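Tertiary structure, described
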Amino acid sequence: MNLMSLTAVELSRKIKEKEVSVTEAVTAALDQTEALDKIYHCYVTVDREGALKKAEQVQKAIDKGELTGPLAGVPVAIKDNMCTRGILTTCSSKILENFYPTYTAEAVLNLEKAGAVMIGKTNMDEFAMGSTTETSAYGVTRNPWNENHVPGGSSGGSCAAVAAEECSYALGSDTGGSIRQPSSFCGVTGIKPTYGTVSRYGLIAYGSSLDQIGPVAKDVTDCATVLEAIASYDAKDSTSVKREDYDFTKALVDNVKGMKIGIPKSYFGEGLDDEVRDAVLKAAKTLEEKGAVVEEFELGLVDYAIPAYYVIASAEASSNLARFDGVKYGFRTKEYDGLHQMYKKTRSEGFGEEVKRRIMLGSFVLSSGYYDAYYLKALRTKALIKREFDKAFERYDVILGPAAPTTAPEIGRSLSDPIKMYLGDIYTISVNLAGLPGISVPCGTDSKGLPIGLQLIGDSFMEKNIIRAAYSFEQTRTYARCAAAAARD
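Only a predicted model underlies this, so the values are computations on that prediction, with no experimental measurement involved.

Cut-offs and rules
- Residues numbered from 1 in each chain as written.
- Predicted model: local features only at pLDDT ≥ 70, side-chain atom pairs only at ≥ 80, totals over all residues.
- Heavy atoms only, no water.
- Helix = DSSP H or I, 4+ residues; strand = E, 2+ residues; numbered from the N terminus.
- Rg over C-alpha atoms; globule rule 2.2 N^0.38 Å.
- Buried < 20%, exposed > 50% of the residue type's maximum accessible area, 1.4 Å probe, protein only.
- Contact = heavy atoms within 4.5 Å.
- Areas by Shrake-Rupley, 256 points an atom, 1.4 Å probe, with all protein chains shown as cover.
- Lys, Arg positive; Asp, Glu negative; His and termini not counted.
- Charge placed at Lys NZ, Arg CZ, Asp CG, Glu CD.
- Pairing = 2+ DSSP bridges.
- Axes fitted to C-alpha atoms, helices over the stretch in contact; angles between N-to-C directions.
- Parallel < 35°, antiparallel > 145°, perpendicular 65-115°, else oblique.
- Disulfide = S-S within 2.5 Å.
- Core = buried A, V, L, I, M, F, W, Y, C linked by side-chain atoms within 4.5 Å.
- Salt bridge = Lys/Arg side-chain N within 4 Å of Asp/Glu carboxyl O.
- Polar contact = N/O pair within 3.5 Å; in protein donor to acceptor, adjacent residues only side chain to side chain.
- Patch = residues over 30% accessible without salt bridge, like charges linked within 9 Å, V, L, I, M, F, W, Y side chains within 5 Å.
- Phe/Tyr/Trp six-rings, centres within 6.5 Å; stacked < 30°, edge-to-face > 60°.
- Lys NZ or Arg CZ within 6 Å of the ring centre and 35° of its normal.

**Section: the overall build of the protein chain**
A count of helical and extended segments in the protein chain gives 16 helices and 11 strands. Since a compact globule built from 489 residues should have a radius of gyration of about 23 Å, the 21 Å found for the protein chain is in line with a globular shape. Oriented by its inertia axes, the alpha-carbon framework of the protein chain measures out at about 65 × 55 × 45 Å. Burial status across the protein chain gives 61% buried among its 489 residues. Here the contacts in the protein chain between residues at least 6 apart in sequence split such that 76% fall between residues at least 24 apart. Summing over all exposed atoms, the protein chain offers an accessible surface of approximately 18800 Å²; the carbon and sulfur share of this is 49%. Separation between the mean location of the 56 positive side-chain charges and that of the 64 negative ones in the protein chain comes to 3 Å.

Dropping the structure here:
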């Protein structure tokens, strides 16, 4: 029995029934990582010693009946922009190459309370700025479906690790599609919850008004289960929302009869790959055959989402990244003459090209004379985009579309043209601007054998609608494993 081919919930069940020990489960994940990560480079840090020690502690708690939840004993990977006490946390940047946090992110603490065992920190685009996981200072992550292609980004390491079965599930963060787009590219399932549902405490910020932590897993059941574990109100996070209902697993019902699903016409225009269009529309047809009411509609302001997003995100990034100056923690240049030169050289040497580009863009749009023309205008556009979604959700329970305009591009193709890379987020960005929940579910493969993702978007705090629709669609398919993972059986 290959333990890593099981879903997180299935593996937890076997641990509870004493068919498998926690140490065996964690060892299986570590061994799979050791065998495959030299090819795919999903991790920045693997904590074998710490994971095995934690496995023993969790096993004792399970034996005593102290841990009974559906994730107890299951190995998890954490994106490397979430602080983990005493474990290297780099944001895949040279400037944090020696940063060991003194506290742990709230979402990770919630997983630890549920009995999860962290095996390592996953690779990502530097400071989550990118769509391919090629901007990492620690090397490129490769797509387990085809190692010559990118896994997407910025949570590419987390999604590739799940696809390659180097962990049972993972946490990612989503600022403009950074969970949903790589989930689509890697043939796994990922949820971006409503803004404020999961605490951002301990998440190293990129765009504070847009960032949200979410799960990546093999299927919808695992994602709903993990989201239920990590979602909570947190007084330490001023943007955290106190919700009445966190029972996301109750939405795992195979029934979409009468559910109203809207398909934005603008999502299926120029720039969308034909094979992606066909797979997504076929998925819509499947849901219609199961009883959903599916119809096309006009969703306004889609063309303005990308410019508004990059103005707002870059502005917030330029502010958030000002703290990395070589004074208190992180990388500091070796040779400098005076404080000003130390700042300048540390940031020049410590940040990569894409991060510098966004800091410069953000500083420009916030500067005197341009603040009103760019930043304030982008904020007004953000409000108008939210209003368009509000109108849509007066008529529909769920909005359906692609997660990305193409399947995973070859390594090196996107990075040479930043604008083209930015346009790859066209279907995901507006969800973050409006603070909405979204999920990406595998819905097929293209002629190259690369996965295609279906995106389902819900109204604020209506994760149950997208979980129910995604689960219902998922029941019509079997989970497709990449060849690299299947070959380990």
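**Digging into the sheet that holds strand β8 (residues 293–297)**
The pairing of strands in a sheet happens through backbone hydrogen bonds and is either parallel or antiparallel. Overall, mixed pairing links the 11 strands, which are arranged β1-β3-β2-β4-β6-β5-β10-β11-β9-β7-β8 in an open sheet. In this open sheet, the two edge strands, each paired with only one partner strand, are β1 (43–46) and β8. Adjacent strand axes in the sheet meet at a mean angle of 30°, parallel and antiparallel pairs treated alike. Across two bridges, the pairing between strand β5 (residues 189–192) and strand β6 (residues 212–217) is antiparallel. Its bridge partner being in β6, Thr-189 is matched across the sheet by Ala-217.

**With respect to the packing of helix α4 (residues 106–113) against helix α7 (residues 220–230)**
Closest axis-to-axis distance for the α4/α7 pair is 8 Å, and the angle between their directions is 110°. With respect to their mutual orientation, α4 and α7 come out roughly perpendicular. For the pair α4 and α7, the contacting residues are Ala-107, Asn-110 and Leu-111 in the first and Val-226, Ala-229 and Ile-230 in the second.

**Examining the state of the cysteines**
The full count for this structure, using the stated rule, is zero disulfides. Cysteine Cys-167 shares no disulfide, and the gap to the nearest cysteine sulfur, in Cys-42, comes to 7.9 Å.

**Let's talk about the nonpolar core**
By size, the foremost hydrophobic cluster in this structure holds 149 residues, and its most contacted members are Leu-111, Phe-127, Tyr-169 and Leu-171. Counting residues per element, this core draws most heavily on helix α9 (residues 305–320), which supplies 10 residues.

**Points about the pattern of salt bridges**
Under the defined criterion, the tally for this structure stands at 22 salt bridges. Linking Glu-353 and Lys-356 is a salt bridge whose minimum nitrogen-to-oxygen distance equals 3.9 Å. Of this pair, Glu-353 and Lys-356 both sit in helix α11 (residues 353–365), three residues apart, roughly one helical turn. Given a relative accessible area of 24%, Lys-356 falls into the partly exposed group. Measuring nitrogen to oxygen at the nearest pair gives 2.7 Å for the salt bridge that ties Lys-386 to Asp-390. Of this pair, Lys-386 and Asp-390 both sit in helix α12 (residues 371–393), four residues apart, which is roughly one turn of that helix. Taken together, the salt bridges that share partners define one network made up of Asp-31, Glu-34 and Arg-48.

**Looking at the pairing of strand β3 (residues 117–122)**
Among the six residues that make up β3, six are buried, leaving the element largely enclosed by the rest of the structure. Relative to β3, β1 runs antiparallel, the two sharing three bridges. For Thr-45, the partnering residue across the bridge sits in β3 and is Lys-121.

**Regarding the side chain of Lys-218**
By secondary structure assignment, the location of Lys-218 is in the loop between β6 and α7. Here the side chain of Lys-218 touches Met-4 through a polar contact of 2.9 Å, landing on its backbone oxygen. For Lys-218, the residues in contact, after removing those within four places along its chain, are Met-4, Ser-5, Leu-6, Thr-7, Val-162, Glu-165, Cys-167, Ser-168, Thr-189 and Tyr-479.

**A few points about a nonpolar patch on the surface**
Taken together, the side chains of Leu-361, Phe-364, Tyr-370 and Tyr-374 present a nonpolar region at the surface, about 350 Å² in accessible area. As for its placement among the helices and strands, Phe-364 is situated in helix α11. Among the residues examined, Phe-364 registers a relative accessible area of 36% and is labelled partly exposed.

**A short note on the packing of aromatic side chains**
Throughout the structure, instances matching the rule amount to 13 aromatic pairs. On the basis of an interplanar angle of 70° and a centroid distance of 5.9 Å, the ring pair of Phe-127 and Phe-351 is categorised as edge-to-face. With a gap of 224 residues between them, Phe-127 in the loop between β3 and α5 (156–163) and Phe-351 in the loop between α10 (339–350) and α11 connect regions that are remote in the sequence. Given a relative accessible area of 5%, Phe-351 falls into the buried group. Measuring from ring centre to ring centre gives 5.7 Å for Phe-364 and Tyr-374, while their planes differ by 50°; the resulting arrangement is tilted. Here the residue Phe-364 occupies a position in helix α11, and Tyr-374 occupies one in helix α12, the gap between them amounting to 10 residues. Classification of Tyr-374 as partly exposed rests on a relative accessible area of 37%. Over the face of the ring belonging to Tyr-201 we find Lys-236, whose NZ or CZ atom lies 4.9 Å from the ring centre. Just above the ring of Tyr-233 sits the side chain of Lys-242; from NZ or CZ to the centre is 4.8 Å.

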